[in-house]
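Structure at a glance
Residues per chain are reported as follows:
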Amino acid sequence: MAGLLRRNNPGIFSVLRKQKIAHFVAKGYSVPRARRFPENPASSARAYFRPQRFPRKVREYHPSPASFSSSSSSSAVSSRVGFVGWYLGVVKSRPIFTKSVTCGLIYTAADLSSQTIAKPSSESYDLVRTLRMAGYGLLFVGPSLHFWFNCMSRLFPKQDLASTLKKMVMGETLYGPAMTVVFFCVNAGLQGENGTQIVARLKRDLIPTLVNGAMYWPLCDFITLRFTPVHLQPLVSNSFSYIWTIYLTYMASLQKVDSTAKLTTEAAISPPQ
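Reading the values: the criteria
Residues numbered from 1 in each chain as written. Predicted model: local features only at pLDDT ≥ 70, side-chain atom pairs only at ≥ 80, totals over all residues. Heavy atoms only, no water. Salt bridge = Lys/Arg side-chain N within 4 Å of Asp/Glu carboxyl O. Helix = DSSP H or I, 4+ residues; strand = E, 2+ residues; numbered from the N terminus. Buried < 20%, exposed > 50% of the residue type's maximum accessible area, 1.4 Å probe, protein only. Phe/Tyr/Trp six-rings, centres within 6.5 Å; stacked < 30°, edge-to-face > 60°. Lys NZ or Arg CZ within 6 Å of the ring centre and 35° of its normal. Expected span 1.5 Å × (residues − 1). Bend = angle between axes of the 7 residues up to and from the residue. Polar contact = N/O pair within 3.5 Å; in protein donor to acceptor, adjacent residues only side chain to side chain. pLDDT = per-residue confidence, 0-100. Contact = heavy atoms within 4.5 Å. Axes fitted to C-alpha atoms, helices over the stretch in contact; angles between N-to-C directions. Left-handed = near helix turned anticlockwise from the far one by under 90°. Nonpolar A, V, L, I, M, F, W, Y, C, P; charged D, E, K, R; others polar. Patch = residues over 30% accessible without salt bridge, like charges linked within 9 Å, V, L, I, M, F, W, Y side chains within 5 Å. Areas by Shrake-Rupley, 256 points an atom, 1.4 Å probe, with all protein chains shown as cover.

Things to note about the pattern of salt bridges
A full pass over the atoms with the stated rule returns four salt bridges. Taking the shortest distance from any N to any O, the salt bridge between Arg201 and Glu193 comes out at 2.8 Å. The partner of Asp205 in a salt bridge is Arg201, and the shortest N-O contact between them spans 3.6 Å. Here Arg201 and Asp205 lie together in helix H8 (residues 195–227), a separation of four residues that amounts to about one turn. Comparing Asp205 with Arg201 shows no difference in burial state: the two are buried. One network of salt bridges, with partners in common, ties together Glu193, Arg201, Arg204 and Asp205.

Below you can see the structure in the form of structure tokens.
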């Protein structure tokens with residue numbers, strides 16, 4: 001009905017609308033503005049409706065062999081750093097035990113290397129000899145090196161050239177000859193030699209060993225005493241002693257001197273009184 005009246009009498013509705021607006025203005029009310037709708041509702045729907053953004057296809061990653069090698073090398077480096085850090089901590093917390101065990105292991109490896117070089121391929125390893133060398137390094141060389149280097153650091157606390165040369169001279173004249181004598185005596189005694197045979201072995205093998213040591217150890221001692229911290233000097237010295245121990249175990253494995261035959265020969269040669 002209202003729609004029919006609006007189509008037949010549009011002027012009446014315009015007049016009534018103007019009077020209503022004037023009434024609101026007279027009363028002091030604000031006149032609400034008519035909302036304008038867009039002519040094309042589809043354009044407005046497109047403005048407010050945005051399709052959901054789907055994630056893009058993830059690009060496939062194919063690791064290269066270089067990445068595997070770099071990761072493996074980094075893990076190897078970290079493992080090496082971890083072992084070195086652990087060893088340094090143990091050296092500081094338990095110095096004598098750690099240095100003794102390290103020296104025993106180095107002497108074991110040196111004796112096995114010496115047997116590999118000297119023995120024929122048909123012969124087996126002499127494990128008793130290897131145990132002798134390991135025990136000598138564990139019980140004698142390891143603890144003695146600890147106390148020797150600490151004593152030298154107290155007598156000559158600096159690591160300059162003059163102090164290094166003094167330590168080298170004392171090592172070549174005191175520690176080296178003493179430990180060489182102990183080595184031959186202990187090894188010969190463990191092999192069942194008596195006092196006379198041990199003395200005869202020392203007369204035969206001691207001087208050549210000391211001469212060869214005087215040619216080998218000065219450079220090793222200089223590097224150890226000049227550039228290495230005191231708590232790591234036994235480790236560096238044992239590392240150099242690996243080659244030297246191969247020579248020592250070879251000398252110790254020589255046949256014992258037959259002192260009885262020597263005395264018989266001397267008695268036969270000497271004229272009767």
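Re the packing of aromatic side chains
Taken as a whole, this structure holds 12 aromatic pairs when the rule is applied. Seen from their ring centres, Phe183 and Phe184 are 5.6 Å apart, and the 65 degrees between their planes marks the pair as edge-to-face. Neither residue differs from the other here; Phe183 and Phe184 are each classed as buried. Ring plane angle 75 degrees and centroid distance 6.5 Å describe the contact between Trp217 and Trp244, whose orientation is recorded as edge-to-face. You can see Trp217 sitting in helix H8 and its partner Trp244 sitting in helix H9 (residues 233–252), a full 27 residues away along the chain. Like Trp244, Trp217 is buried. Connected via pairs of aromatic rings, a cluster forms that spans Tyr107, Tyr136, Phe140, Phe183 and Phe184. Here the guanidinium or amino end of Arg94 rests over the ring plane of Phe97, the centre of that ring lying 4.7 Å away.

As for helix H6 (residues 127–155)
For H6, built from 29 residues, the straight-helix expectation of 42 Å at 1.5 Å per residue is met to within 8% by its first-to-last C-alpha distance of 40 Å. Helix geometry: H6 is bent most strongly at Gly137, by close to 35 degrees. Sitting at the head of H6, Asp126 places a side-chain oxygen 3.4 Å from the backbone nitrogen of Val128.

Notes on the confidence of the model for the protein
With 64% of its residues at a pLDDT of 70 or more, the protein shows a mean pLDDT of 77. When pLDDT is averaged over each element of the protein, helix H7 (residues 161–190) comes out on top at 94 and helix H10 (residues 259–269) at the bottom at 45. In the predicted structure, residues 261–273 sits below a pLDDT of 50 and forms zero contacts with residues beyond four places in sequence or in another chain.

Thoughts on the packing of H7 against H8
Axis separation between H7 and H8 bottoms out at 8 Å; the angle between their running directions is 145 degrees. Where H7 crosses over H8, the two elements pack in a sense that is right-handed. Here the residues of the contact of H7 with H8 sort into 16 nonpolar, five polar and six charged.

Some thoughts on a nonpolar patch on the surface
A cluster of nonpolar residues, Phe97, Val101, Leu105, Leu138, Leu139 and Phe140, forms a patch on the protein surface that exposes about 560 Å² of accessible area. When residues of the nonpolar patch are traced back to their parent elements, those giving at least two are helix H5 (95–118) and H6. Tracing the backbone through its elements, the reader meets Val101 in helix H5. Judged by its relative accessible area of 30%, Val101 falls in the partly exposed class.

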